[in-house]
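The chain contents come next:
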Amino acid sequence: MKIYLDGKFVDQADAKISVFDHGLLYGDGVFEGIRLYGGNVFRLEEHLERLEMSAKAILMDLPWSRKEISDATCETCRQNGLTDGYIRLVVTRGVGDLGLSPWLCPKPSIFIIAAKIALYPAEHYTSGLTICTVPTRRINPAALPPTVKSLNYLNNILAKIEAKQSGCLEAIMLNDQGYVAECTGDNLFVVRKGEILTPSASQGALKGITRDAIFDIAAEIGVPMREANLTRYDVWCADECFLTGTAAEVIPVVKLDGRVIGNGKPGAITARVLEAFRRRVLVEGTRI
Ligand code: PMP
């Protein structure tokens, strides 16, 4: 596997960063998870825009143009002969002396991995996922905005551990007011009376690129959709529930905290969304 690292393609074994990189020392950096479908990078521009906003939010100047990062991303796919896969694009604060201050790091580092991913076993896309609510709360947006896709994922990792300990592959994280924020690595949606509802970023959700696509898909298939404050009650009493993410795509949820959602089977609107999503990813994107 060839990795793009600071302007060069290197073998996986040689793709190394310094122990003094603040991305490693402090989680100081930003990243994107991006998907490649049939030779098209899905919503690459949107991912790069979010990366730029994440970098801006942590006061990190990206010394590369959007075009340079875009070209490097596509080239990484080509170098690895990939037409379908998952791309991990990471920008770290770079190498600096010990100490939190970002000004200790003269230049950021960038690396891009293009590989394969299968987040959930295939059968869950037809039978639906069983999820739970975990005790770890989503970090307060006033402490660290969840809209910033940063290298600080411990909040989500703690929740992921709790999900696993409860025998679930994914879990709902509530915000500190008890509203549903999102899942550990996916956005959450419910369907109620023919309408799709999803928590807003101010409730602690990452503005997912897949989530954005769901707004477009809802308009395409004629299903009303809006942001809403959701409690666990809204999920328990929903007709349908599904999650989205770059790695997860669109996956139905049929049980939360031991309670059956709707009729316990993936819902009809979820199926239409999933079908429209699978159509869309093949035609929408940047050709590598
Ligand atoms: N929430 C969190 C916490 C995530 O890490 C992700 C990405 N894995 C998502 C939501 C989904 O975002 P996207 O659709 O951009 O992958």
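Going by the structure above, here's the rest.
A brief report on the enclosed structure follows. Each residue is numbered by its place in its chain's sequence as written, counting from 1. With pLDDT at 70 or above as the cut-off, local features in this predicted model cover only qualifying residues; side-chain atom pairs require 80 or more to be listed or tallied, and sums for whole chains, interfaces and linings still use all residues. Remark: hydrogens and water are excluded; side-chain values derive from all non-hydrogen atoms of the structure.

**Digging into the packing of helix 6 (residues 209-221) against helix 8 (residues 268-283)**
When two helices pack together, their arrangement is given by the angle between their axes and by how far apart the axes lie. What counts is decided by this rule: Axes here mean lines fitted to C-alpha atoms, for a helix over just the part in contact, with angles spanning 0 to 180 degrees between N-to-C directions. Secondary structure elements are taken from DSSP: a helix is a run of H or I of four residues or more, a strand is a run of E of two residues or more, and numbering for both begins at the N terminus. Roughly parallel covers angles under 35 degrees, roughly antiparallel covers those over 145, roughly perpendicular covers 65 to 115, and oblique covers all other angles. A contact between two residues is defined here by any heavy atoms of the two lying within 4.5 Å.
Two numbers describe how helix 6 lies on helix 8: the axes approach to 10 Å, and their chain directions differ by 110°. By the angle class used here, helix 6 and helix 8 are roughly perpendicular. Residues Thr210, Ile214, Asp216, Ile217, Glu220 and Ile221 of helix 6 form the contact with helix 8, whose participating residues are Arg272, Val273, Ala276, Phe277, Arg279 and Arg280.

**Observations concerning helix 2 (residues 44-57)**
Here is the rule we go by: Given the number of residues in a helix, its expected span is that number minus one, multiplied by 1.5 Å. For each residue, the accessible area found with a 1.4 Å probe, counting protein chains only, is set against the maximum for its type, and the residue is called buried under 20%, exposed over 50%, and partly exposed in between. The arc in question is formed by the directions pointing from the helix axis toward the C-beta atoms.
Over its 14 residues, helix 2 runs 20 Å from end to end, which matches the ideal 20 Å to within 8%, given 1.5 Å per residue. Looking only at helix 2, the buried set comprises Leu44, His47, Leu48, Arg50, Leu51, Ser54 and Ala55. Axial view of helix 2: buried residues confined to an arc of 160°, hence all on one face. Just downstream of helix 2, Leu59 is the residue with a positive phi angle, here 55°.

**As for the site of the ligand**
Keep this limit in mind: One heavy atom within 4 Å of a molecule or strand is enough for the residue carrying it to be called near that molecule or strand. A 3.5 Å cut-off defines polar contacts: any pair of N or O atoms within that distance qualifies, except that in protein one atom must be a possible hydrogen donor and the other a possible acceptor, and neighbouring residues in sequence count only when both atoms are side-chain atoms. The Shrake-Rupley method, run with a 1.4 Å probe sphere, supplies the accessible areas, and residue values consider only the shown protein chains as cover.
Lining the immediate environment of the ligand, one finds 16 residues, of which Tyr153, Glu182, Ile209, Thr210 and Thr246 sit closest. In this structure, an oxygen atom belonging to the ligand sits 2.4 Å away from a side-chain N or O atom of Tyr153. The contact in question runs from a nitrogen atom of the ligand to an N or O atom on the side chain of Glu182, over 2.6 Å. Protein chains shield 93% of the accessible area of the ligand, which is 390 Å² for the free molecule.

**Let's talk about the packing of helix 2 against helix 3 (residues 66-79)**
Quick note on the threshold: A crossing counts as left-handed when the near helix is turned anticlockwise from the far one by less than a right angle, and as right-handed when that turn is clockwise. For this classification, Asp, Glu, Lys and Arg are treated as charged, while Ala, Val, Leu, Ile, Met, Phe, Trp, Tyr, Cys and Pro are nonpolar and the rest, including Gly, are polar.
Their axes nearest at 11 Å, the elements helix 2 and helix 3 cross at an angle of 125°. By the angle class used here, helix 2 and helix 3 are oblique. The way helix 2 lies across helix 3 gives a crossing that is right-handed. Residues Leu44, Glu45, Leu48, Glu49, Leu51 and Glu52 of helix 2 touch helix 3, and the partners they reach there are Arg66, Ile69, Ser70, Thr73 and Cys74. Here the contact of helix 2 with helix 3 is built from residues that sort into five nonpolar, two polar and four charged.

**Some remarks on unusual backbone geometry**
Non-glycine residue Leu59 carries a positive phi angle of around 55°. Within the secondary structure, Leu59 is located in the loop between helix 2 and helix 3. The class of Leu59 is exposed, set by a relative accessible area of 65%. Notably, Glu249 is not glycine yet its phi reads approximately 60°, a positive angle. Following the sequence through the fold, Glu249 ends up in strand 14 (residues 249-256). When its relative accessible area of 12% is taken as the criterion, Glu249 is described as buried.

**Some details on the pattern of salt bridges**
The cut-off we apply is this: A side-chain nitrogen of Lys or Arg and a carboxyl oxygen of Asp or Glu constitute a salt bridge if their distance falls within 4 Å.
Counted by the stated rule, this structure contains 19 salt bridges. In this structure, Lys2 and Asp11 form a salt bridge, with 2.8 Å as the shortest nitrogen-oxygen distance. Between Arg66 and Glu45 there is a salt bridge whose closest N-O contact spans 2.8 Å. Taken together, the residues span a long stretch of sequence, with Arg66 in helix 3 and Glu45 in helix 2 at a distance of 21 residues. Through salt bridges with shared partners, one network takes in Arg43, Asp216, Glu220, Glu275, Arg279, Arg280 and Glu284.

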